[in-house]
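Secondary and tertiary structure notes
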Amino acid sequence: MHARQGAALTAAKIFFGTAVVFGYAAGAGGPALAAGAQSGTHRGHDADHDGMPNRWEHRFGLNAHHANAKGNPDHDRLSNLREFRKDTDPTDDDTDNDGIDDGVEVEDGNPSTDPTDDDTDGDGTEDGDEDADNDDVDNEDEDDTNESCASDDTDVDNDDVDDEDENEDGTLVHKADSDGDGTSDGDEDSDEDGVDNEDEDDSDVDECDDDQGEDQDDDNNNGNDNTTVQTIVVRFS
């Protein structure tokens, strides 16, 4: 095609549902993708038209043939679609393992927290241990206070340790026996304080009364946590 001097010919084509603008100008060697135009293929195939590509849904075990954009399997206040857009894990309420739920990091409006970066400001302190609003309460503790019991008790690997506590303990959210030693993470004592991981978050102020069954073995005395020991002292005169 010959370009006329001082004039430009533009043609718009529709490519996979996305407008792509090609411009031919004097001296131009070929078509150029106009600024702001999308390639139309970066999102991948989306069989159920829910805004999330099949391969992304498959990656996280979601049903790519059932529209589930509004789903929230990890109870972190972000829908699946928002998780896709924020590049977070829809099956892990704390993608970057900093002690703060993804939804809180997205919605708190604080530039010092990012759901995909555990140390957003790069100062060597995890976001959860920071105090963004300077109220003497760590970010992760404010998160615990404000979240629902469903979110607080999420335990995807069923090891009796809530996901957010595994993040703090340094154990794996998706593996019940993180170190492969034959002992469930819940029965480990990561900080060596004499209290099993599964019991660390139990306290008088814990308003979530079920804790997803994390105390079931305590109630059955499998770990002898609640076993009453009676001592009889006999005095001889």
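Above: the structure in question.
Summary of the structure given here.

Quick notes on the rules
Residues numbered from 1 in each chain as written. Predicted model: local features only at pLDDT ≥ 70, side-chain atom pairs only at ≥ 80, totals over all residues. Heavy atoms only, no water. Helix = DSSP H or I, 4+ residues; strand = E, 2+ residues; numbered from the N terminus. Buried < 20%, exposed > 50% of the residue type's maximum accessible area, 1.4 Å probe, protein only. Areas by Shrake-Rupley, 256 points an atom, 1.4 Å probe, with all protein chains shown as cover. Polar contact = N/O pair within 3.5 Å; in protein donor to acceptor, adjacent residues only side chain to side chain. Contact = heavy atoms within 4.5 Å. Salt bridge = Lys/Arg side-chain N within 4 Å of Asp/Glu carboxyl O. Lys, Arg positive; Asp, Glu negative; His and termini not counted. Patch = residues over 30% accessible without salt bridge, like charges linked within 9 Å, V, L, I, M, F, W, Y side chains within 5 Å. Charge placed at Lys NZ, Arg CZ, Asp CG, Glu CD. Phe/Tyr/Trp six-rings, centres within 6.5 Å; stacked < 30°, edge-to-face > 60°.

Another aspect to go through is the overall build of the chain. What the chain contains, in helices and strands, is seven helices and two strands. Each helix (α) and strand (β) of the chain, taken in turn from the N terminus, gives the series β-β-α-α-α-α-α-α-α. Across the 237 residues that make up the chain, the buried fraction comes to 35%. Within the structure as shown, the chain displays about 14,500 Å² of accessible surface, and the carbon and sulfur contribution to it stands at 46%.

This part covers the side chain of Thr113. With respect to the element layout, Thr113 can be found in the loop between helix 3 (102–107) and helix 4 (139–146). By relative accessible area, which is 7% here, Thr113 ends up buried. Reaching out from Thr113, the side chain makes a polar contact with the side chain of Asp108 at a distance of 2.8 Å. In this structure, Thr113 is in contact with Ile100, Glu105, Asp108, Thr120, Asp127 and Asn139, ignoring residues within four places of it in sequence.

With a phi close to 80°, Arg77 is a non-glycine residue in the positive phi region. With respect to the secondary-structure elements, Arg77 resides in the loop between helix 1 (54–59) and helix 2 (80–86).

Attention now goes to the pattern of salt bridges. In total, this model carries one salt bridge according to the counting rule given. A salt bridge links Glu107 to Arg82; the shortest N-O distance between them is 3.0 Å. With Glu107 in helix 3 and Arg82 in helix 2, this residue pair connects regions lying 25 residues apart in the sequence.

Along the chain, the position of Ala69 falls in the loop between helix 1 and helix 2. Beyond its immediate sequence surroundings of up to four residues, Ala69 is in contact with Asp50, Met52, Ser79, Asn80 and Leu81.

The subject of this paragraph is the side chain of Asp157. Here Asp157 shows up in the loop between helix 5 (149–152) and helix 6 (163–169). Buried and without a salt bridge, Asp157 has Lys175 as its closest oppositely charged side chain, separated by 9.8 Å. A polar contact is formed between the side chain of Asp157 and the backbone nitrogen of Ala176, at a distance of 3.5 Å. Not counting residues within four places of it along the chain, the set of residues in contact with Asp157 comprises Glu166, Leu172, Val173, His174, Lys175 and Ala176.

Here we come to a negative patch on the surface. Taken together, Glu126, Asp129, Asp141 and Glu168 make up a surface patch of like negative charges. Mapped onto the secondary structure, Asp129 falls in the loop between helix 3 and helix 4. A relative accessible area of 39% places Asp129 in the partly exposed class.

What follows is about the environment of Asp46. Position of Asp46 relative to the elements: it lies in the loop between strand 2 (18–24) and helix 1. Given the relative accessible area of 15%, Asp46 is considered buried. The residues contacting Asp46, other than those within four sequence positions of it, are Gly51, Met52, Pro53, Asn54 and Glu57. Here the side chain of Asp46 touches Asp50 through a polar contact of 3.0 Å, landing on its backbone nitrogen.

Bringing the packing of aromatic side chains into the picture now. For any pair of aromatic rings, the description consists of the separation of the ring centres together with the inter-plane angle of the planes. According to the stated counting rule, one finds two aromatic pairs in the structure shown. Note on Trp56 and Phe84: the rings are 5.3 Å apart at their centroids and 65° apart in plane angle, and the pair reads as edge-to-face. Taken as a pair, Trp56 in helix 1 and Phe84 in helix 2 lie far apart in primary sequence, 28 residues in all. This pair shows no difference in class: Trp56 is buried, exactly as Phe84 is. These aromatic residues form a ring-pair network of at least three members: Trp56, Phe60 and Phe84.

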